[in-house]
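Chain residues, written in single-letter form:
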Amino acid sequence: MISSIPYSAFGDGFTQENLPPASVGNRNVQLFIKLSPPVITSDTSQPREIYMRLFDANTNETIVHDSFFITITKHDKLLMRDLFHTHTGELTLDVTPTNTPGKWTIYGDQEPFLNAWVNQEGGPIPVLADALGEGGLYHIHIELFAIDYDKNIFAPDQTPKWDSYLSVGDISNHDITYNGNNYNSNVISYYDKINGDFNFDPSKLQISYSMPFDWNLTRIANQPIFVHEEIHIPKSFKEFTNTPTYTATMNGYQIAGRRLIVDPYSLSDTVIAHILLNKVDIANMAKQMPTGTNTMDFTLAPAKPNVLTSSSVLTDFGGWGIKFGWNPTQIAANSKNSLQLSFFDAFTEQPINGDVNYDLKILDNDGNTILSKTNLTAKVAADTQTLNLPGNGIYSIQINIKSIVGPTGLADTSRIGLARGNLVIPSTVSADQGLGNQTITSTTQIVIPKWVKNDAKLWAQNSIDDVTFASAIQYLIKQGIIKIPATTQGQATLGVQIPQWVKTNAGYWADGQIDDTTFVAGIQYLIKIGIISV
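Residues numbered from 1 in each chain as written. Predicted model: local features only at pLDDT ≥ 70, side-chain atom pairs only at ≥ 80, totals over all residues. Heavy atoms only, no water.

Draft legend 1. Representation of the overall build of the protein within the structure. Counting secondary structure elements, the protein contains 7 helices and 34 strands. Each of the 534 residues in the protein was classed as buried or not, and the buried ones make up 52%. For the protein, contacts bridging at least 24 residues in sequence account for 67% of all contacts bridging at least 6. Just so you have it, the protein exposes about 23,700 Å², and 49% of that area is on carbon and sulfur atoms. (Helix = DSSP H or I, 4+ residues; strand = E, 2+ residues; numbered from the N terminus. Buried < 20%, exposed > 50% of the residue type's maximum accessible area, 1.4 Å probe, protein only. Contact = heavy atoms within 4.5 Å. Areas by Shrake-Rupley, 256 points an atom, 1.4 Å probe, with all protein chains shown as cover.)

Structure (structure tokens):
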């Protein structure tokens, strides 16, 4: 028997991870674990695997002849519990999902010392169990019984232990009917499988659904947590997608800033809304969550245009974040803007201890790449890049984290991810928006002449051209209903290069779906950021 410093480690809630190292003699041994596939689809032929590798955290050398006692549960239901051995240091369980809770069958040989299941050829060990048949949060508890040699067994009270909470994404398909048209939407929930309560409210143009969640404060404090939801809406559903901004809530809390990112670029026919909540967000909300709450309840709906430059972003996977610092804070076109990037762990919101290898990309409003920098390195998690963008408008900034190189000099690629944010030119960078449940209302009553609304309706229907509608906007400026920036000089002359979604917004206003105040605020904002020039 051998001894170690007992160590219990918790996972981070993704499909794969390097669990924190445990001290065994003069070594730090680390366990990598991965579930496949990362997202469960309706294709039952998808191979399901659980892969583990034990290695020296300082040298990255695989440690051979290991015995693992593995317990798998989901929502406290036992799915499998058994002892496995690997001669090579790498263990793969080839899982065939069944519908027999609490029962499992393993095919293979058993080594003579602990009767652990082993594949003498070094290949996968076939397992039949009620696991990986659907997406959701899986709890995998691992105890290391033996290391280095088949007979080299730990003392019972010295066994290193790990607890990994890995999520397999679940895809659910939902039909939405609006104005007699049917649209197919998808929800990909990377934390847990959503409940069967997906709903679309046509009166609010609002999607809602819920997901199981344990709000126990002690559990949240002891375990890194990251919730990632993707809502896919077809662009053909123009009433929902013809806007650059959305409003979202979780259990009544407004989700904004880096926590709600809209991606109209990755798929040509789909808009993807990402909801990203890290441990700090969730812990703060848990303190105010009513007793007995056991779900996360999400809503998503279109909002009036109000795109802001991001001050921080979160990766979709990996649990990383990046804070942006702009110099000067007023970002302008055709000038040098210094972007300072500070990388942090999204679980703890503390700086990353190491160098970050990443790529930087900026896309225009049509999804075209206008700037791409690859193989960049943020030394000690900090870097500065100089940007010079050609014109005013709304851009998408993307940071792809490829690896973290820690103090040992080894590159960790187990927590990679892509972060997305907005860059508006011109704009003044504002602070990151937190989570809140306040409702902001306007007390200013704005009334617009009826003929302007008639022009807006005709313009939305392509019955009049941009120049004619521009004259109506110019009238609102002259009457002081729409305020132009104080720096604007001379006679206002409205440009006529207006985005399509502005026309859609005008149609909503003409039909009474948004009020005068909202319409004016939207046009005023477009003038302010330079999309409409005066």
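Still more ground to cover, so stick around.
Draft legend 2. Spatial organisation of the pattern of salt bridges. The full count for this structure, using the stated rule, is 10 salt bridges. Two residues, D263 and R420, come together in a salt bridge whose shortest N-O distance is 3.5 Å. Of the two residues, D263 is situated in strand β21 (residues 260-267) and R420 in strand β33 (residues 417-425); the sequence distance between them amounts to 157 residues. There is no split in this pair, since D263 and R420 are both buried. The network of salt bridges with common partners includes K74, E134 and K193. (Salt bridge = Lys/Arg side-chain N within 4 Å of Asp/Glu carboxyl O.)

Draft legend 3. Quick look at the packing of aromatic side chains. Applying the stated rule across the entire model yields 13 aromatic pairs. Taken together, a centroid distance of 5.6 Å and an interplanar angle of 45° make the contact between Y178 and F237 tilted. Here F237 lies in the loop between β18 (226-234) and α2 (238-241) and Y178 lies in strand β14 (residues 161-178), a separation of 59 residues in the sequence. For Y178, a relative accessible area of 9% puts it in the buried group. (Phe/Tyr/Trp six-rings, centres within 6.5 Å; stacked < 30°, edge-to-face > 60°.)

Draft legend 4. Molecular detail of the sheet that holds strand β9 (residues 104-106). As summarised here, the arrangement of the 6 strands in space is β2-β3-β5-β8-β12-β9, forming an open sheet in which the pairing is mixed. The outermost strands of the open sheet, each flanked by one partner alone, are β2 (16-24) and β9. Each adjacent strand pair in this sheet contributes to an overall mean axis angle of 20°, direction not counted. With 5 bridges joining them, strand β8 (residues 90-97) and strand β12 (residues 125-129) adopt parallel strand pairing. The partner of P97 across the bridge, within β12, is A129. (Pairing = 2+ DSSP bridges. Axes fitted to C-alpha atoms, helices over the stretch in contact; angles between N-to-C directions.)

Draft legend 5. Looking closely at the nonpolar core. Counting residues in hydrophobic clusters, the biggest one holds 42 residues, and the most contacted among them are F213, W215, V227, L277, I282 and M296. Excluding its chain neighbours within four sequence positions, the residues that come into contact with V227 are Y191, M211, F213, I275, L276, L277, I282, M296 and F298. Grouped together as the second largest cluster of nonpolar side chains are 37 residues, V29, L54, L132 and L144 included. (Core = buried A, V, L, I, M, F, W, Y, C linked by side-chain atoms within 4.5 Å.)

Draft legend 6. Fine view of unusual backbone geometry. Residue P328 is reached from N327 by a cis peptide bond, and omega for that bond is 0°. Summarising the element assignment, P328 is placed in the loop between β25 (320-327) and β26 (330-331). Cis rather than trans, the peptide bond between I425 and P426 has omega equal to -5°. Position of P426 relative to the elements: it lies in the loop between β33 and β34 (427-428). Positive phi outside glycine occurs at L132, with the angle close to 60°. By secondary structure assignment, the location of L132 is in the loop between β12 and β13 (136-146). Positioned with a positive phi, V380 is a non-glycine residue whose angle comes to about 50°. Within the element layout of this structure, V380 appears in the loop between β29 (369-378) and β30 (382-387).

Draft legend 7. Representation of helix α4 (residues 450-460) in the model. Those residues of α4 that sit buried are V452, D455, A456 and W459. Angularly, the buried residues of α4 cover 100° about the axis, an arc narrow enough to put them on a single face. Positioned one or two residues after α4, N462 has a phi angle of 65°, which is positive. (Arc of directions from axis to C-beta.)

Draft legend 8. Structural detail: the sheet that holds β25. If you trace the 4 strands from one edge of the open sheet to the other, you get β24-β25-β27-β30, paired in antiparallel fashion. Looking along the sheet, the strands with just one partner apiece sit at the ends: β24 (312-314) and β30. If you compare each strand with its neighbour and ignore which way they point, the axes differ by 25° on average. As paired elements, β25 and strand β27 (residues 337-345) share 8 bridges and run antiparallel to each other. In the sheet register, G321 faces β27, and the bridge partner there is F344.

Draft legend 9. Focus on the environment of I523. Position of I523 relative to the elements: it lies in helix α7 (residues 516-529). On the accessibility criterion, I523 (3% relative accessible area) is buried. Between the C-alpha atom of I523 and that of I482, which follows or precedes it by 41 residues, the distance is 7.7 Å.

Draft legend 10. Main features of the packing of α4 against helix α5 (residues 466-478). Two elements in contact, α4 and α5, have axes separated by 10 Å at closest approach and are oriented at 155°. Considering the angle they form, α4 stands roughly antiparallel to α5. Read as a crossing pair, α4 and α5 show a hand that is left-handed. On α5, the residues that touch W451, V452, D455, A456 and W459 of α4 are D466, F469, A472, Y475 and L476. Counted by class, the contact of α4 with α5 contains 8 nonpolar, no polar and 2 charged residues. (Parallel < 35°, antiparallel > 145°, perpendicular 65-115°, else oblique. Left-handed = near helix turned anticlockwise from the far one by under 90°. Nonpolar A, V, L, I, M, F, W, Y, C, P; charged D, E, K, R; others polar.)

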